[in-house]
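# Structural overview for review
Chain residues, written in single-letter form:
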Amino acid sequence: MIFLKSDEEIELLRISNQIVAKTLAEMAKIIAPGVTTEQLNKVADEFIRDNGAIPGFLGYSGFPKSICTSVNDQVVHGIPSKNVILKDGDIISVDCGAYINGFHGDSAYTFCVGDVKPEILNLLRITKESLYKGIEQAQEGRRLGDLGYAIQSYCEEHGYSVVREMIGHGVGRKLHEAPEVPNYGRKGNGIMLKSGMTIAIEPMINLGVRNLVLEKDGWTTRTVDRKPSAHFEHSVAIRRGKADILSSFEYIEQILGNKAI
Ligand code: MG
Ligand code: MG
């Protein structure tokens, strides 16, 4: 069942997502060689709580931390750890959730650690652009297949592959609601989007093959060929004519300045 949100509920979702956006900007301030993903988790957890919210991921299906930190060939759901020390040339996807007023925010951004190879920077750029290609389709009257097609065709044209096992989702009173939002699809297929639907669109795009493996911790997914993977996510409300983006990368990119991809 897909829950349509009222204008008031969408404003509450915006509050949750803006806390997530500002938390990700705190990550942008501190991500650097030598920092551990546990340190990122601590800063994020405190920042979310200081803003009156609760980390949406902590305890979700038993997830043990407040953010997901996925480095290089890890795709999503990496668990922060004091043993994961960022180094020059890494990329790290930070996926963050905040729960307040009965609604979940959900957004992710892939950051560079120091100097990243041009080949990998391009993967990040195309993945982020593909998110906005998907968002262009996130409007009343379009179908979910149009959205998936827009992301898939854009990434595949650039020689990248689209993860199939992990997908976007509805977001609201629950972190994961209907509908499922794949990053692949066929034009004209899938359910028709209606004003008031709220979805998290989150392309996970690989430099090499699309296939994943689950690591021994039972959470972390990584690419089978160990090539890097990028991940960007916005929560949006479907509207007539144009999606309303509830999360934001503006705070992050203000911090990153001319280093933003
Ligand atoms: Mg997320
Ligand atoms: Mg999500």
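You'll find the structure just up there.
Described below are features of the structure shown in this document. Per chain, residues are indexed from 1 in the order of the written sequence. As a convention, the first chain written is A and the first ligand written is 1, with the rest following in written order. It should be noted that, the model being predicted, local features are given only for residues of pLDDT at least 70 and side-chain atom pairs only at 80 or more, the latter also being counted only at that level, while totals for whole chains, interfaces and linings use all residues. Only heavy atoms go into the side-chain values, all of them from the structure, while hydrogens and water stay out.

## Digging into the overall build of the protein
Counting its secondary structure elements, the protein contains 5 helices and 15 strands. By the compact-globule yardstick of 18 Å for 261 residues, the protein fits well, its C-alpha radius of gyration being 17 Å. Judged by the C-alpha coordinates and their principal axes, the protein covers about 45 × 45 × 40 Å. Only protein chains enter the accessibility calculation, which uses a 1.4 Å probe; a residue is then buried when its area is under 20% of its type maximum, exposed when over 50%, and partly exposed in between. With 261 residues in all, the protein has 54% of them scored as buried. Any two residues whose heavy atoms approach within 4.5 Å at even a single point are treated as in contact. Counted over contacts in the protein with a minimum sequence separation of 6, partners at least 24 positions apart contribute 71%. For every accessible area listed, the method is Shrake-Rupley and the probe measures 1.4 Å; residues are considered covered only by the protein chains on display. Carbon and sulfur atoms provide 51% of the accessible area of the protein, an area that totals close to 11,100 Å². Averaging the positions of the 30 positive and the 33 negative side-chain charges in the protein gives two centres separated by 3 Å. Secondary structure elements follow DSSP: runs of H or I of four or more residues count as helices, runs of E of two or more count as strands, with numbering from the N terminus. In this description the radius of gyration comes from C-alpha coordinates, and the expected globular size is given by 2.2 Å times residues to the power 0.38. Counted as positive: Lys and Arg. Counted as negative: Asp and Glu. His and the chain ends are not counted at all. Just so you know, the charge point we use is NZ for Lys, CZ for Arg, CG for Asp and CD for Glu.

## Some words on the coordination of the magnesium ion (ligand 2)
Because no water is among the atoms considered, metal sites can look incomplete, with donors defined as N, O and S atoms within 2.8 Å of the metal, or 3.2 Å for Na, K and Ca. Coordination sphere of the magnesium ion (ligand 2), protein contribution only: Asp106 (OD), His169 (NE2), Glu202 (OE) and Glu233 (OE), at 2.1 to 2.3 Å. Written as a sequence motif, the donor arrangement for the magnesium ion (ligand 2) is D-x62-H-x32-E-x30-E. Between the magnesium ion (ligand 2) and the magnesium ion (ligand 1), both coordinated by aspartate 106, there is a metal-metal distance of 3.0 Å. A residue pair is termed long-range when its members are at least 10 positions apart, and aspartate 106 in strand E5 (residues 103-112) and glutamate 233 in the loop between strand E13 (229-231) and strand E14 (234-237) qualify at 127 residues.

## A short note on helix H3 (residues 118-136)
An expected span of 1.5 Å times one less than the residue number is assigned to each helix. Helix length check: H3 (19 residues) gives 27 Å between terminal C-alpha atoms against 27 Å at 1.5 Å per residue, within 8%. Where H3 is concerned, the buried positions are Ile120, Leu123, Leu124, Ile126, Thr127, Lys128, Ser130, Leu131, Gly134 and Ile135.

## Things to note about the pattern of salt bridges
In what follows, salt bridge is the name for a side-chain nitrogen of Lys or Arg lying within 4 Å of a carboxyl oxygen of Asp or Glu. Enumeration according to the criterion identifies 14 salt bridges in this entry. Note that aspartate 73 is salt-bridged to arginine 226, the shortest N-O span being 2.9 Å. Placement of the pair is aspartate 73 in the loop between strand E2 (67-71) and strand E3 (74-76) and arginine 226 in the loop between strand E12 (221-223) and E13, with a sequence separation of 153 residues. Assessed through its relative accessible area of 12%, aspartate 73 is described here as buried.

## Here we look at the nonpolar core
Nine residue types can take part in a nonpolar core, namely buried Ala, Val, Leu, Ile, Met, Phe, Trp, Tyr and Cys, and a core is a set of them joined through side-chain atoms within 4.5 Å. Ranked by size, the top nonpolar core spans 53 residues in total, and within it Met27, Ile31, Ile92, Phe111, Leu147 and Ile201 carry the most contacts. Among the secondary structure elements, those contributing two or more residues to this core are helix H1 (7-30), helix H2 (37-50), E2, strand E4 (91-100), E5, H3, helix H4 (144-157) and strand E9 (198-201). Counting 6 residues, the second largest nonpolar core, distinct from the first, contains Val163, Met166, Met204 and Leu212.

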